[in-house]
Amino acid sequence: MSWEPVIGLEIHVHLKTRTKMFCRCPVLYVETPNTQTCPVCLAHPGALPVPNEKAVEWTILLGHALGCEVPDRAIFHRKNYFYPDNPKGYQISQYDSPLCVNGRFVVPGPDGDAVVGIERAHLEEDAAKTIHVGGAEGRIHGADRSLIDFNRAGTPLVEIVSAPDIRSADDAKRFLQLLRQTVVELGISDAEMEKGSLRFDVNVSVRPAGTDELRTRTELKNMNSFNFAAKGIEREVRRQIEIYESGGQVEQETLHFGSESAPPLRSKEEAQDYRYFPEPDLVPLEPDRDLVERLRTKLPEAPAARIRRLEQEVGFALAEGLVTSGRDELYSRIPGERAAVANVVMNELAATGVDPARVNAEELAKVIERRTEIPRSAFTDALAASGSPDFSADRYLAEAAIVDVSELDPVIERILSENESQAEAYRGGKEGLLGFFVGQVMKETGGKANPKVVSDRLREKLEA
Ligand SMILES: [Zn+2]
């Protein structure tokens, strides 16, 4: 029997609003612990929440980017659970009336689009941060003690829940990369996984291909790397198939990956365990329809559309890489042969760590155009310098001194005649000696010759 993976994702995105979700404390992650707090986010009795208007707007904007509907009315609910990082005993979240519903997100792949349904995108507050000290790094078990930092308590989070429409680990990774880039381009989150401003859980089950049978799913929680997620999904799919094929049953299970777990012990909880009820301290949200429409017009061109457009020029893999790394804007600014420009931008330039937004595109184009004529070191130096305001291609291209074979030939001939025995050995089959000759010529020309031209010309001369 052939099996089909059924994958759904839940993504938490931290909004980079200036202040927290229900109070005016600043959202700052670098400050000393427990300095960005007030009675509201410390859960003092009687403190009243006031929703952050910007967070609501940004969630609607994101909802548009995910192809969601924005209902006339959304309600904040209390999600009740106990955990030390949640002293209120509940989290203000959204339950059956979220801000955004019924979306559709297109994920381009090499063999066509995957269309992933978005069940909902809702707004909620984050819990405080628990830091486990001692024992194994960051682990709860074996820790000597746990500390709590309330700076994060009450910061705005959007939770996005996809339909279980994803059919492969690759598509899951693509979905996440594209979603991350979308969020970054909307300017609503840093979406940095190292900082935890983008976190996600994955639900995985398998079913006989071609059926819509529902089977037990497992949850991979707190994933913080796309590659890690893809590998985790592949491994989990394989594990479940093996269980079914040997006649067993998959157990419902939660597999934790990150060090944090809030709320914990979630393995078998159901919605009813949280006893959701409408937050009595907040009125329902009724987004202004003009605002909702105005936000729709603010959407930039979707990353998926740009991938399809660039694919025509450089093929799918490079197009996807450029767009999901946010480098396609720079790529588009650099004139010249498209595949060459794309490769340099994606690989060599990315390796230098130069900020793409600062690159002088016209000057860099000159260097890329003549990259095979200049020494490798001059090329990488030029890339590294391309982000500085006074970057000029001429300085680096001037080093392209000895590319002309007429200048190179006398040097090569002299070196061959000075090393007769090695030349004989080469002709006798010791082809590894070519490197020796290239080295000699490079030394003689002060490293200014192009190694590729040198070795081609040397081979010609030696085999003449
Ligand atoms: Zn506060």
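Every chain's residues receive numbers from 1 upward, in the order its sequence appears when written. With the structure being a predicted model, the display of local features is reserved for residues of pLDDT at least 70 and the display and counting of side-chain atom pairs for 80 or more, all residues being used for whole-chain, interface and lining totals. Think of the side-chain values as coming from all heavy atoms in the structure, minus any hydrogens and water.

A short note on the overall build of the protein
Just so we agree on the cut-off: Counting from the N terminus, the helices are the DSSP runs of H or I reaching at least four residues and the strands are the DSSP runs of E reaching at least two. With the radius of gyration taken over C-alpha atoms, the globule rule is written as 2.2 Å times the number of residues to the power 0.38. Exposed residues in this analysis have more than 50% of their type's maximum accessible area, buried residues have under 20%, and partly exposed residues fall in between, with area computed by a 1.4 Å probe over protein chains only. Contacts: residue pairs with any heavy atoms within 4.5 Å of one another. For accessible areas, the Shrake-Rupley method is used with a probe of radius 1.4 Å. Any residue's cover is judged against the shown protein chains and nothing else. When charges are counted, Lys and Arg are positive and Asp and Glu negative, with His and the chain ends excluded. Where a charge lies is defined by one atom per residue type: Lys uses NZ, Arg uses CZ, Asp uses CG and Glu uses CD.
In terms of regular secondary structure, the protein is built from 15 helices and 12 strands. The C-alpha atoms of the protein give 29 Å as radius of gyration, which overshoots the globular expectation for 464 residues (23 Å, by more than 25%). Buried positions account for 49% of the 464 residues belonging to the protein. For the protein, long-range pairs separated by at least 24 residues make up 70% of all intrachain contacts whose partners lie at least 6 apart in sequence. Taken as a whole, the protein presents about 22,700 Å² of accessible surface, with 49% of it coming from carbon and sulfur. Looking at the protein, you have 57 positive and 75 negative side-chain charges, and the mean spots of the two groups are 2 Å apart.

Looking at the coordination of the zinc ion
Stated formally: Metal donors: N, O and S atoms at distances within 2.8 Å, or within 3.2 Å for Na, K and Ca, with water omitted from the atom set so that some sites may seem incomplete. Key to geometry: four donors with every angle between 85 and 135 degrees are tetrahedral; four donors are square planar and six octahedral where opposite donors lie over 155 degrees apart and all remaining angles lie between 65 and 115; all other sites are irregular.
Summarising the metal site, the zinc ion is bound by the protein donors Cys-23 (SG), Cys-25 (SG), Cys-38 (SG) and Cys-41 (SG), whose distances to it range over 2.3 to 2.4 Å. Classification of the site at the zinc ion as tetrahedral follows from its 4 donor atoms and the range of 101 to 117° in their angles at the metal. The motif formed by the donor residues of the zinc ion, counted along the single chain, is C-x1-C-x12-C-x2-C. In this pair, Cys-23 sits in the loop between strand S1 (3-14) and helix H1 (53-65) while Cys-41 sits in the loop between S1 and H1, placing the two residues 18 residues apart along the sequence. Owing to a relative accessible area of 9%, Cys-41 belongs among the buried residues under this scheme.

Comments concerning the packing of H1 against helix H2 (residues 169-186)
We count it as follows: Orientation is described by lines fitted to C-alpha atoms, with helices fitted over the stretch in contact, and by angles between N-to-C directions that extend from 0 to 180 degrees. Each angle gets one of four labels, with under 35 degrees taken as roughly parallel, over 145 as roughly antiparallel, 65 to 115 as roughly perpendicular, and the rest as oblique. The handedness criterion is simple: a crossing whose near helix is rotated anticlockwise from the far helix by less than a right angle is left-handed, and one whose near helix is rotated clockwise is right-handed. Residues are grouped as follows: Ala, Val, Leu, Ile, Met, Phe, Trp, Tyr, Cys and Pro are nonpolar; Asp, Glu, Lys and Arg are charged; all remaining types, including Gly, are polar.
Interhelical geometry of H1 versus H2 gives an angle of 135° and a closest axis separation of 11 Å. One way to sum up the angle between H1 and H2 is to call them oblique. For H1 against H2, the interelement crossing comes out right-handed. Every residue of H2 that contacts H1 at Leu-61, Leu-62 and Ala-65 is listed here: Thr-182, Val-183 and Leu-186. Class assignment of the residues belonging to the contact of H1 with H2 gives a composition of 5 nonpolar, 1 polar and no charged.

Some words on helix H6 (residues 316-324)
Burial analysis of H6 places 8 of its 9 residues in the buried class, which makes it a mostly covered element. Within the sequence span of H6, burial applies to Phe-316, Leu-318, Ala-319, Glu-320, Gly-321, Leu-322, Val-323 and Thr-324. On its buried face, H6 is in contact with strand S4 (100-109), H2, helix H5 (303-314), helix H7 (328-333) and helix H8 (338-352). Phi turns positive, to about 70°, at Gly-326, one or two residues after H6.

A closer look at the packing of aromatic side chains
Aromatic rings in a pair are described by how distant their centres are and how their planes are angled relative to each other. The criterion, for reference: Ring pairs are drawn from Phe, Tyr and Trp, using the six-membered ring of Trp, whenever the two centres fall within 6.5 Å, and their geometry is named by plane angle: stacked under 30 degrees, edge-to-face over 60, tilted for the rest. Whether a charge sits over a ring comes down to the Lys NZ or Arg CZ being within 6 Å of the ring centre and within 35 degrees of the ring normal.
Tallied over the entire structure, the rule returns 8 aromatic pairs. Taking 6.0 Å as the distance between ring centres and 75° as the angle between the ring planes, the aromatic pair formed by Tyr-274 and Tyr-276 counts as edge-to-face. Through pairs of rings, three or more aromatic residues link up here, namely Tyr-81, Tyr-95, Tyr-274 and Tyr-276. Across from the ring centre of Tyr-244, 4.4 Å away, lies the NZ or CZ of Arg-215, which sits over that ring.

Regarding the domain arrangement of the protein
A common measure of how large an interface is: the accessible area buried when the components associate. Our working rule: Residue ranges assigned to each domain were obtained from an automatic or database domain assignment. Two parts placed together each lose some accessible area under a 1.4 Å probe, and the buried area is that loss summed for both. Within 3.5 Å is the distance limit for a polar contact, defined as a pair of N or O atoms, with the added protein rule that one can donate a hydrogen and the other accept it, and that residues adjacent in sequence qualify only through two side-chain atoms.
Along its sequence, the protein is organised into domain 1 (3-287), domain 2 (299-400) and domain 3 (405-463). Once you take the C-alpha centre of each, domain 2 and domain 3 turn out to be 33 Å apart. Each partner contributes to the interface: domain 2 provides 5 residues, whereas domain 3 provides 4 residues. Between domain 2 and domain 3 the total buried area reaches about 310 Å² when both faces are included, carbon and sulfur atoms providing 46% of it. Inspection of the domain 2/domain 3 interface yields 0 residue pairs in polar contact (both at pLDDT 80 or more).

Section: the sheet that holds strand S2 (residues 76-80)
The test is simple: At least two bridges found by DSSP between two strands are what make those strands a pair.
The antiparallel open sheet is built from 3 strands, whose spatial order is S3-S2-S12. A single partner strand is all that each edge strand has here, and the edge strands are strand S3 (90-94) and strand S12 (277-278). Inspection of the sheet shows S2 paired to S3 by 5 bridges, in the antiparallel sense. Its bridge partner lying in S3, Phe-76 is registered against Gln-94.

Digging into the environment of Ala-163
Looking at where Ala-163 falls in the secondary structure, it is placed in the loop between strand S8 (156-162) and H2. Overall, Ala-163 belongs to the buried group, its relative accessible area being 11%. Taking the C-alpha atoms as reference, Ala-163 lies 43 Å from Leu-383; in sequence the two are 220 residues apart.

A word on the environment of His-77
Locating His-77 in the fold gives a position in strand S2. Overall, His-77 belongs to the buried group, its relative accessible area being 5%. The spacing of His-77 and Ala-209 is 132 residues in sequence and 38 Å in space, taken between C-alpha atoms. With residues near it in sequence (within four places) discarded, His-77 still touches Gln-91, Ile-92, Ser-93, Gln-94, Tyr-95, Asp-96, Tyr-276, Phe-277, Pro-278 and Glu-279.

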